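Analysis of the macromolecular model
Here is what each chain is made of, one letter per residue.
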Amino acid sequence: MDSKPMKILIIEDEISDYNGFLECAKKRNDIEIVGITDSDVDALKRVKLKHPEGIVLDLELNQGLDGSTDSFEFLFKLRKLPLGYDPIVIVTTHVNSKRTYQILHRNGVDLIMYKDHPNYSCEQVINKFISLRQVSPKRNSVEEESQSMREKISLCISDELEKIGMPSNMIGKKYIIDAILYLIENGKDGENVIQYLSKVYKRSDNTITNGIKNVILHAWRVSPIEDLLTNYTARINPEKGIPTPMELIYYYFERVKNMI
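Just so we're clear, the structure is a prediction, and the values are computed from it rather than from any experiment. (Residues numbered from 1 in each chain as written. Predicted model: local features only at pLDDT ≥ 70, side-chain atom pairs only at ≥ 80, totals over all residues. Heavy atoms only, no water.)

Quick look at the overall build of the chain now. Secondary structure assignment for the chain yields 11 helices and 5 strands. Put simply, the chain has 260 residues, and 42% of those count as buried. A sequence separation of at least 24 residues applies to 64% of the contacts in the chain between residues at least 6 apart. When the accessible surface of the chain is summed, it comes to about 14300 Å², and 49% of that surface belongs to carbon and sulfur atoms. (Helix = DSSP H or I, 4+ residues; strand = E, 2+ residues; numbered from the N terminus. Buried < 20%, exposed > 50% of the residue type's maximum accessible area, 1.4 Å probe, protein only. Contact = heavy atoms within 4.5 Å. Areas by Shrake-Rupley, 256 points an atom, 1.4 Å probe, with all protein chains shown as cover.)

Another aspect to go through is the nonpolar core. In this structure, M166, I176, L197, I212 and L248 are the most contacted members of the largest nonpolar core, which totals 33 residues. Those elements that place two or more of their residues in this core are α6 (142-162), α7 (171-186), α8 (193-201), α9 (205-222) and α11 (245-259). By size, the runner-up hydrophobic cluster in this structure holds 22 residues, among which are L44, I55, L81 and V89. (Core = buried A, V, L, I, M, F, W, Y, C linked by side-chain atoms within 4.5 Å.)

Bringing unusual backbone geometry into the picture now. Positive phi values are uncommon outside glycine, yet H51 reaches one of about 50 degrees. Classification of H51 by relative accessible area gives partly exposed; the value is 38%.

Of all the positions in helix α4 (residues 98-106), only T100, Y101 and L104 are classed as buried. Burial along α4 is one-sided: seen end-on, the buried residues are contained in an arc of 100 degrees. In α4, the exposed residues that point more than 90 degrees away from the buried face are K98, R99 and R106. Summarising the contacts, the buried residues of α4 are in contact with α3 (72-78), β4 (88-93) and β5 (111-114). (Arc of directions from axis to C-beta.)

To summarise the sheet geometry, strands pair through backbone hydrogen bonds and adopt either a parallel or an antiparallel arrangement. Strand order in this open sheet of 5 strands is β2-β1-β3-β4-β5, and the pairing throughout is parallel. Among the strands making up the open sheet, the edge pair consists of β2 (31-37) and β5. Pairwise comparison of adjacent strand axes, ignoring direction, gives a mean angle of 20 degrees for this sheet. Bridge analysis of strand β1 (residues 6-11) against strand β3 (residues 54-58) gives 4 bridges, and the strand direction is parallel. Across the sheet, residue I8 finds its bridge partner in β3, namely G54. Each of β4 and β5 is contacted by α4, which is oriented at about 145 degrees to β5, the strand it contacts most. (Pairing = 2+ DSSP bridges. Axes fitted to C-alpha atoms, helices over the stretch in contact; angles between N-to-C directions.)

Where α7 meets α8, the closest approach of the two axes is 10 Å, and the angle between their N-to-C directions is 115 degrees. Handedness of the crossing formed by α7 with α8: right-handed. Residues K174, Y175, D178, A179, Y182 and L183 of α7 lie in contact with α8, whose contacting residues are V193, Y196, L197 and Y201. In terms of residue class, the contact of α7 with α8 is built from 8 nonpolar, no polar and 2 charged. (Left-handed = near helix turned anticlockwise from the far one by under 90°. Nonpolar A, V, L, I, M, F, W, Y, C, P; charged D, E, K, R; others polar.)

For K128, the location among the structural elements is in helix α5 (residues 122-135). Owing to a relative accessible area of 36%, K128 belongs among the partly exposed residues under this scheme. Each C-alpha atom, one on K128 and one on I90, is 8.5 Å from the other, the two residues being 38 residues apart in sequence. If near-sequence neighbours (up to four positions away) are discounted, K128 is found in contact with I90, L111 and M113.

Most of β1 is tucked away, with 5 of its 6 residues classed as buried. As paired strands, β1 and β2 are joined by 6 bridges and run parallel to one another. Counted as the bridge partner of I10 is I36 from β2. Handedness of the crossover joining β1 and β2 through helix α1 (residues 15-26): right-handed. (Right-handed = clockwise from strand over helix to strand, strands pointing away.)

Summary statistics for the chain give a mean pLDDT of 86 and a share of 88% for residues scoring 70 or more. Element-level mean pLDDT values for the chain span from 74 in α6 up to 96 in α9. Here residues 63-69 is modelled with pLDDT under 50, and outside its nearest four sequence neighbours on either side it reaches 16 contacts, counting other chains as well. Here residues 138-145 is a poorly scored stretch, pLDDT under 50, and it has 4 contacts once near neighbours within four places are set aside; other chains count. (pLDDT = per-residue confidence, 0-100.)

This is the structure in C-alpha cells:
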C-alpha cells in the first residue's frame, strides 16, 4: 500500500464541487490536492509542474483550450506530454451518453462519474482514486520509464516540426529529432551533434548535414509564410532566408526543453 498521499489535480468550474473537494481533502491524510483550476490551459501547466498521480476533469468547462465547452482537447494534449507516466483520470460530467463515454475511454480516461447520480459526491470521487491507485499496475522499471519518456519527447519534437511543414518521410527530420534528443539527454557539453549522428547512422558528416539542410529547405519552400512566422520565431539571416541546421536544432532544443 502506498504510504505517501496521492497527489490529485482538480479541474472543475462548479463552485459546489470546487469547495467539496477542498473540504474532503481537509478530512483525509491519503490525498494531497496539488491544485484546483477551472482552466484546462492552466491545468496542463500544473500537470507539467506538479506531476499529479490523479486528475479530476470536469467535462463541461466554461472555457476549453480551443474555446469549446468540453475537455476533449485537454485529454489529447495530456497524453502527448512527456511525463514518463500515465496519471489516473476521472471525468465528472452531467452528460449521460454512451457514445461520449466511449470516446472518453478511447482517450485514456480511467473512470467516468455521472454528476446527476443520486450517490455522486466529491468524497466518492476521491475514494475511486484510492481504489484505482491500489489496483493499478506496478510502475515500470527505470529503463522502461526512460524509454517511455524518450518516445514522448520524440513525439513532441516531431509535432513541433510538423507545424513548419517537415514531413516524416524525409530522413533529415529524423536526424533533427535525434539531435535534439541527444542535446536534451546530454546537454550542450556533449560531443558535436553532427558527429554523434554520423556515428549513429554510419554516414559522413556531410551526408547528415545535407539531409538536415534538405528538409529545412523543403519546409521553407512549401509551408505558408504565416505558419513559419508563427512557429519559428528565431532570427534568420536575411541573405540566407532559412535557418542553418544548427540554428534550427538549437532553437527546437530550447523550445522543447521548456515544454517538458
